[in-house]
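Chain and residue survey
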Amino acid sequence: MQRYDEAIEVLKIMLLKLDDAPDAQIRTLHQQYASPSEVQEIIRRVIDARLESAPLRLIDTSTGRLCNREVQINAFMDSTDFVFIGDEPACSFEEAVTKYFSRAMLSHSWESKELLLQDVQDKVVYDLDPVGTAAKLQNCS
């Protein structure tokens, strides 16, 4: 996230310099660039659209933790997938969001003792006793 923050600061400085340039033609270059707040708004709209039909909580298979929607979004913003979006053409931004927020649904037969939300909330699924549905969760990555 630090690299992203640094890039935003550099963009802000660049836009200010374009605005203050003595040459009118150079000042018009600013119109070709979105402001950092506009970029962040676009990013959030694309993410929100992608997550509109997503489950409210997912298991992050890399950490084994249950993640709510905000945790999922923050993890994306901290990821290298997000940091390098600026290097790609605009059309692949949505592809990066779609790829990052891809998910798999677990299908299984119901057993007598299914794990409940409170059984996995604030726990690492990989640390649970590997029997029944816990074993299925542990092997879903």
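A short note on the pairing of strand β1 (residues 57-60)
- Relative to strand β2 (residues 65-68), β1 is paired through four bridges, and the arrangement is antiparallel. Paired with Asp60 across the strands is Arg65, a residue of β2.
- Here β1 folds back onto β2, and the loop between the two strands holds four residues, one of which, Gly64, carries a positive phi near 80°.

Description of unusual backbone geometry
- Even without being glycine, Asp122 reaches a positive phi, approximately 65°.
- Following the sequence through the fold, Asp122 ends up in the loop between α7 (117-120) and α8 (132-138).
- Asp122 sits in the exposed class, given a relative accessible area of 69%.

Concerning helix α4 (residues 69-78)
- Every buried residue belonging to α4 is among Gln72, Ile73, Phe76 and Met77, and all of these are buried. On an axial view of α4, the arc spanned by its buried residues comes to 135°, and they lie on one face.
- One side-chain oxygen of the residue at the start of α4 lies 3.2 Å from the amide nitrogen of Glu70, identifying that residue as Asn68.

Some remarks on the nonpolar core
- In this structure, Ile43, Val46, Ile47, Leu51, Ala54, Ile73, Phe76, Met77, Phe82, Phe93, Val97 and Phe101 together form the largest nonpolar core, which totals twelve residues.
- Once residues within four sequence positions are removed from consideration, Val97 is found in contact with Val46, Ile47, Arg50 and Phe76.
- Formed by five residues, the second largest nonpolar core is a distinct cluster that contains Val120, Leu128, Ala134 and Leu137.

A short note on the pattern of salt bridges
- Across all of its chains, the model carries three salt bridges by this definition.
- In this structure, Glu41 engages Arg45 in a salt bridge whose closest nitrogen and oxygen atoms are separated by 3.1 Å. Separated by four residues within a single helix, Glu41 and Arg45 lie in helix α3 (residues 36-51), roughly one turn from each other.
- With relative accessibility at 45%, the residue Glu41 sits in the partly exposed group.
- Among the salt bridges present, the one from Arg44 reaches Asp48, with a minimum N-O distance of 3.0 Å. Residue Arg44 and its partner Asp48 are located together in helix α3, separated by four residues, close to a single helical turn.
- Beyond isolated ion pairs, a larger network of salt bridges with shared partners links Arg44, Asp48 and Glu70.

With respect to the confidence of the model for the protein
- Looking at the protein as a whole, the pLDDT averages 76, with 82% of positions reaching at least 70.
- When pLDDT is averaged over each element of the protein, β2 comes out on top at 86 and helix α5 (residues 80-83) at the bottom at 69.

Some remarks on the packing of aromatic side chains
- Scanning all chains against the criterion turns up three aromatic pairs.
- Ring geometry for Phe76 versus Tyr100: centroids 4.8 Å apart, planes at 55°, classification tilted. Of the two residues, Phe76 sits in helix α4 while Tyr100 sits in helix α6 (residues 91-100), which places them 24 residues apart along the sequence.
- Judged by its relative accessible area of 0%, Phe76 is buried.
- Note on Phe76 and Phe101: the rings are 5.3 Å apart at their centroids and 50° apart in plane angle, and the pair reads as tilted. One end of the pair, Phe76, is in helix α4; the other, Phe101, is in the loop between α6 and α7, with 25 residues separating them in the sequence.

Rules used in this analysis
- Residues numbered from 1 in each chain as written.
- Predicted model: local features only at pLDDT ≥ 70, side-chain atom pairs only at ≥ 80, totals over all residues.
- Heavy atoms only, no water.
- Pairing = 2+ DSSP bridges.
- Helix = DSSP H or I, 4+ residues; strand = E, 2+ residues; numbered from the N terminus.
- Buried < 20%, exposed > 50% of the residue type's maximum accessible area, 1.4 Å probe, protein only.
- Arc of directions from axis to C-beta.
- Polar contact = N/O pair within 3.5 Å; in protein donor to acceptor, adjacent residues only side chain to side chain.
- Core = buried A, V, L, I, M, F, W, Y, C linked by side-chain atoms within 4.5 Å.
- Contact = heavy atoms within 4.5 Å.
- Salt bridge = Lys/Arg side-chain N within 4 Å of Asp/Glu carboxyl O.
- pLDDT = per-residue confidence, 0-100.
- Phe/Tyr/Trp six-rings, centres within 6.5 Å; stacked < 30°, edge-to-face > 60°.

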